[in-house]
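# Chain and residue survey
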Amino acid sequence: MDFAHLFFPCARKGLVKPLHALLLVYGLANDFFCSNQLVTVYAETGDIRSSRHVFDHIPRKNTLSWNFMISGCVKNGYFREAANCYYQLLTNSRVRPDFFTFPVVLKCCEVLQDGKKIHCSVLKLSFENDVFVGSSLIHMYSKFGDVDDAFQTFDEMSFRDLGTWNAMIAGFCQNGKAVEALGVFEEMTRQGVRMGAITVSSVLPICAPLNDLFMGRLIHNYTLKNGFEYDVFVSNALINMYAKLGCTGEANQVFEDMTCRDLVTWNSMIAAYEQNDDPTTALKFFSGMKECGLQPDVLTLLSLASIAAQRGDTRSGRSCHDFVLKKGWITEDMLTGNALVDMYAKLGKVDDAKNVFDGMPVKDVISWNTIITGFAQNGLADEAIKLFHFMAKCDGIMVDQGTIVSILPAFSHVGALQQGMVIHGRTMRIGLIYDVFVGTCLIDMYAKCGRLTEANQLFSEVPRRSPVPWNAIISCNGIHGNGEKVLDMFREMQEEGVKPDHVTFVSLLSACSHAGLIDEGQKYFHDMRRVYSVEPNLKHYACMVDLLGRAGHLDAAYKFITSMPVRPDASVWGALLGACRIQGNVELGDLASANLFAIDSENVGYYVLLSNIYANVGEWNSVDRVRSLAKDKGLKKTPGWSSIEVNNRVHVFFTGNQSHPQCEDIYKKLGLLLTQMKSLGFVPDYSFVLQDVEEEEKEYFLTSHSERLAIAFGIINLPPQTSIKIFKNLRVCGDCHTATKFISLIIKREIIVRDSNRFHHFREDGTCSCGDYW
């Protein structure tokens, strides 16, 4: 019988064991050819145990036999068995590995050291110039992030084929080395090596991190000239490239021109619109995918969870969660768990986010970063900090760039300067100090903890090629009231060739508002579109309303709103309502609040602002009416609190706090200060008492405001001449602002107060950096 033609048909039909039995009957089971074929076909069916049994009984194995066995183990995921088989081959004195052995065995390396040992064998046996072996070494080093050794291997090869170039380009791309990948690609074209479809798929991801749309379009033209547009992998790579560069129209054109689409194609289009803030169109593509009979996979659900968060659609978010639970993906793939945590956090459902996080069987550093960010972004800085400290105690979880970017805003929020400085030290030790995002967060942390000098110094040290650090330092100087410096920095930004973006103008206009630079703010708003090609959005319009309203130009602010080309949202009307609170304009406050309640009736802050406007003019019936409206909706006013860091511990005080261990000493100190203040001419402003109470009670209400408790605690516990830094979650009231100026004059110390809007630097001479304009 001719058995040579039976092996692979039998493997496809699951008849390997009957064939093996027949070979035994004919006495051919130990035949060299038949044995090797049995090793292979058993491995093809996933039966590694039988494959190994046949292999062990081959009397005189050659290199081909060993290669078959190693390859079978690797294909079935038995990497340790493949490695053991390779090391057994090395100890065999009769045969040696060949250039087919190394590309296979390099795939089974579990740690970099294993790969380096195999590389030594490659050099010893002089296979380093074989293109297949060289490419496999490049892939191995790239997999473990060792791109330096990968490039050295590539550079030392005497001959390179297209696969070698592709491997090196892909290796750099996978490790975030876009510039280096571009260098290899350019050298490849200089040497006249023609790109293949795999090269195109490998090089297109370079364009997005380099923000190089021109190169992406050149490569697209190359694919059209060479007929690669019909390759589904190339088309998918083009869609991803255009999407990451914000060109959804061109991504859609590639999609429309495709003759064959797979699940990856649909996922790419859904993600393209989701990542570019167009969830409605993304959902249309999801519907189109379902009409084609394709079932969503994990990547589809990741996009859908993000879409639900963007739309604020809790119901759709819970549907995504139910689907994930039904499929069991949350136990199989950390990506889905992380996506659900992120989705619930963005929806403001932090309890649900924490429940998903707690239910994940395995958590990686991204899981921790996501939940920490979720708590921090929802104003729960203390909980975020507790999670960070708990994470630090977990084995196998190492702080990375994402962790630092997640936790620093939480430290900034509560003014935990000492803890933020510890993180700064850690970034220096692990080499992240020059990362633009880490550097930007550190700038923000120092500035928001009252250390503007350190923030400015750090800004001079971080990479400044992108607008991100510029936006941060402009915003930081703005909230400290350094309006003129902000304008200087904006001019310097342009001189260095950095193009401002929409965030830059939010920071710039906000700085103008805080500093009372009305003319300058109006000029830059009008220059946005005309000079800088930045289309104003609702945040910019809100900044302009705040700029005009804060300066007392309420009629101009209202006229500005009515002339807007887009429908004003809650941020715009909220800015007007806040200005009405400052200026005491009841009529316009009523109008602004009516529009706010129609847009967002669940925000308790709007009810508080309106009731404060009524309280300020003594309309107590209107105050009760507004408070009743909020109560009927189940809304509760955010309690005012202030924090101060002493001896590396953050102390939090609520208004009227009586529970602090030093409570008696604090109120005693405040009473003494009040007596001294009155002797210097201080007169309490009872208009900031928002309760309808007797005169004698009003002084107590003002004295027990949270920032005064924190200041008194700081005076008692901090060394003389030390600055006192207070962090308040609400806006400083006018009476506390005046009182703090007197206190700084009496104690001859600088008092720095950060409220919800800006910083106030109260100097020893009894003046404030805001110039009483805030």
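Definitions and cut-offs
Residues numbered from 1 in each chain as written. Predicted model: local features only at pLDDT ≥ 70, side-chain atom pairs only at ≥ 80, totals over all residues. Heavy atoms only, no water. Helix = DSSP H or I, 4+ residues; strand = E, 2+ residues; numbered from the N terminus. Buried < 20%, exposed > 50% of the residue type's maximum accessible area, 1.4 Å probe, protein only. Contact = heavy atoms within 4.5 Å. Areas by Shrake-Rupley, 256 points an atom, 1.4 Å probe, with all protein chains shown as cover. Lys, Arg positive; Asp, Glu negative; His and termini not counted. Charge placed at Lys NZ, Arg CZ, Asp CG, Glu CD. Phe/Tyr/Trp six-rings, centres within 6.5 Å; stacked < 30°, edge-to-face > 60°. Salt bridge = Lys/Arg side-chain N within 4 Å of Asp/Glu carboxyl O. Axes fitted to C-alpha atoms, helices over the stretch in contact; angles between N-to-C directions. Parallel < 35°, antiparallel > 145°, perpendicular 65-115°, else oblique. Nonpolar A, V, L, I, M, F, W, Y, C, P; charged D, E, K, R; others polar. Pairing = 2+ DSSP bridges. Expected span 1.5 Å × (residues − 1). Polar contact = N/O pair within 3.5 Å; in protein donor to acceptor, adjacent residues only side chain to side chain. Core = buried A, V, L, I, M, F, W, Y, C linked by side-chain atoms within 4.5 Å. Right-handed = clockwise from strand over helix to strand, strands pointing away. Left-handed = near helix turned anticlockwise from the far one by under 90°. Disulfide = S-S within 2.5 Å.

Bringing the overall build of the protein into the picture now. The number of helices and strands found in the protein is 43 helices and five strands. By its C-alpha atoms, the protein is 115 × 55 × 50 Å across when sized along the principal axes. Burial status across the protein gives 50% buried among its 774 residues. When contacts within the protein are restricted to residue pairs at least 6 apart in sequence, those whose partners lie at least 24 apart make up 61%. If you sum the accessible surface of the protein, you get close to 36600 Å²; carbon and sulfur atoms cover 53% of it. Taken together, the 75 basic and 86 acidic charged side chains of the protein have centroids lying 3 Å from each other.

Attention shifts here to the packing of aromatic side chains. With the rule as written, the count across this model stands at 29 aromatic pairs. Ring geometry for F55 versus W66: centroids 5.0 Å apart, planes at 75 degrees, classification edge-to-face. Taken as a pair, F55 in helix α4 (residues 48-56) and W66 in helix α5 (residues 63-75) lie far apart in primary sequence, 11 residues in all. One exposure class covers both F55 and W66, and it is buried.

The subject of this paragraph is the pattern of salt bridges. In the structure shown here, the tally under the stated rule is 20 salt bridges. E110 is paired through a salt bridge with R80; the nearest N and O atoms lie 2.9 Å apart. Here E110, found in the loop between α7 (101-105) and α8 (112-124), pairs with R80, found in helix α6 (residues 79-91); they are 30 residues apart in sequence, far enough to count as distant. With relative accessibility at 44%, the residue E110 sits in the partly exposed group. The partner of R451 in a salt bridge is E454, with the nearest N and O atoms 2.9 Å apart. Here R451 falls in the partly exposed class, since its relative accessible area comes to 24%. In this structure E454 comes out as partly exposed when scored by relative accessible area, which is 30%. The network of salt bridges with shared partners includes R464, E492 and E496.

So, about the packing of helix α13 (residues 197-210) against helix α15 (residues 232-244). Where α13 contacts α15, the two axes come as close as 9 Å, and the packing angle between them is 5 degrees. Between α13 and α15, the angle is such that the two are roughly parallel. Of the residues in α15, those in contact with A197, V200, S201, L204, C207 and A208 of α13 are F233, V234, A237, L238, M241 and K244. Grouping the amino acids of the contact of α13 with α15 by side-chain chemistry returns 10 nonpolar, one polar and one charged.

Another point: the pairing of strand β5 (residues 759-762). Residues of β5 alternate between two faces, with F759 and H761 on one and H760 and F762 on the opposite face, all of them buried. Hairpin connection between strand β4 (residues 751-754) and β5: a loop of four residues separates the two successive antiparallel strands.

For T440, the location among the structural elements is in helix α28 (residues 436-448). Judged by its relative accessible area of 10%, T440 is buried. Every residue in contact with T440, bar those within four places of it in the chain, is listed here: V468, P469 and A472.

One can find R754 in strand β4. Discounting chain neighbours no more than four positions away, the residues touching R754 are S412, H413, V414, K448, I726, F727, K728 and F759.

A separate point is unusual backbone geometry. Trans is the prevailing form of peptide bonds, just as negative phi is the prevailing case for residues other than glycine. Even without a glycine there, the phi angle at Q721 is positive, about 75 degrees. One can find Q721 in the loop between α42 (706-717) and β3 (724-728). Residue K748 is not a glycine yet carries a positive backbone phi of 55 degrees. Position of K748 relative to the elements: it lies in the loop between α43 (734-747) and β4.

In this model helix α24 (residues 365-377) runs 18 Å from its N-terminal to its C-terminal C-alpha over 13 residues, within 8% of the 18 Å that 1.5 Å per residue would give. Counting buried positions along α24 gives 10 out of 13 residues, so the element sits mostly inside the fold. Regarding α24, the residues found buried are V365, S367, W368, N369, T370, I371, I372, G374, F375 and A376. In the core, the buried residues of α24 are packed alongside α22 (334-346), α23 (350-359), α25 (381-392) and α26 (401-414). Sitting at the head of α24, D364 places a side-chain oxygen 3.2 Å from the backbone nitrogen of I366. Directly after α24, the chain includes G379, whose backbone phi takes a positive value near 80 degrees.

Residues I443 and L576 are the most contacted members of the largest nonpolar core, which totals 207 residues. Formed by 32 residues, the second largest nonpolar core is a distinct cluster that contains C663, L670, V732 and F762.

Here we take up the sheet that holds β4. Spatial ordering of the open sheet is given by β2-β1-β3-β4-β5, a layout of five strands whose pairing is mixed. Every other strand in the sheet has two partners, leaving β2 (649-654) and β5 as the edge strands with one partner each. Strand-to-strand twist across the sheet, computed as the mean angle between neighbouring axes with direction ignored, equals 20 degrees. Relative to β5, β4 is paired through four bridges, and the arrangement is antiparallel. Across the sheet, V753 pairs through a bridge with H760, a residue of β5. Lying on the sheet, α43 is in contact with β3, β4 and β5; it crosses β5 at an angle near 35 degrees.

Residues I751 and V753 point to one face of β4 and I752 and R754 to the other, with burial holding for every one of them. Where β3 meets β4, four bridges bridge the pair, whose relative direction is parallel. Each residue of the ladder has a partner; that of F727, found in β4, is R754. Following the backbone out of β3, through α43 and into the adjacent parallel β4, one traces a crossover that is right-handed.

Here I219 lies in helix α14 (residues 213-225). Beyond its immediate chain neighbours, meaning those up to four positions away, I219 contacts V200, V203, L204 and C207.

Before going further, it helps to spend a moment on the packing of helix α19 (residues 298-311) against helix α20 (residues 314-327). The contact between α19 and α20 brings their axes to 8 Å, and the two run at 155 degrees. Considering the angle they form, α19 stands roughly antiparallel to α20. Both α19 and α20 take part in a crossing whose hand is left-handed. Packed against α19, whose contacting residues are L301, L304, A305 and A308, the element α20 presents S316, G317, C320, F323 and V324 at the interface. Residue composition of the contact of α19 with α20, grouped by class: seven nonpolar, two polar and no charged.

Moving on: the environment of H119. Its location among the elements puts H119 in helix α8. H119 sits 21 residues away from M140 along the chain, and the two C-alpha atoms are 9.9 Å apart. In this structure H119 touches L137, Y141 and T153, once residues within four positions along its chain are discounted.

Further remarks concern the state of the cysteines. A complete count under the given rule lists zero disulfides for this structure. C120 carries a free sulfur, and the closest cysteine sulfur to it, the one in C109, is 12 Å from it. No disulfide involves C476; its sulfur sits 10 Å from the nearest other cysteine sulfur, which is in C449. Residue classification places C476 among the buried positions, given a relative accessible area of 1%.

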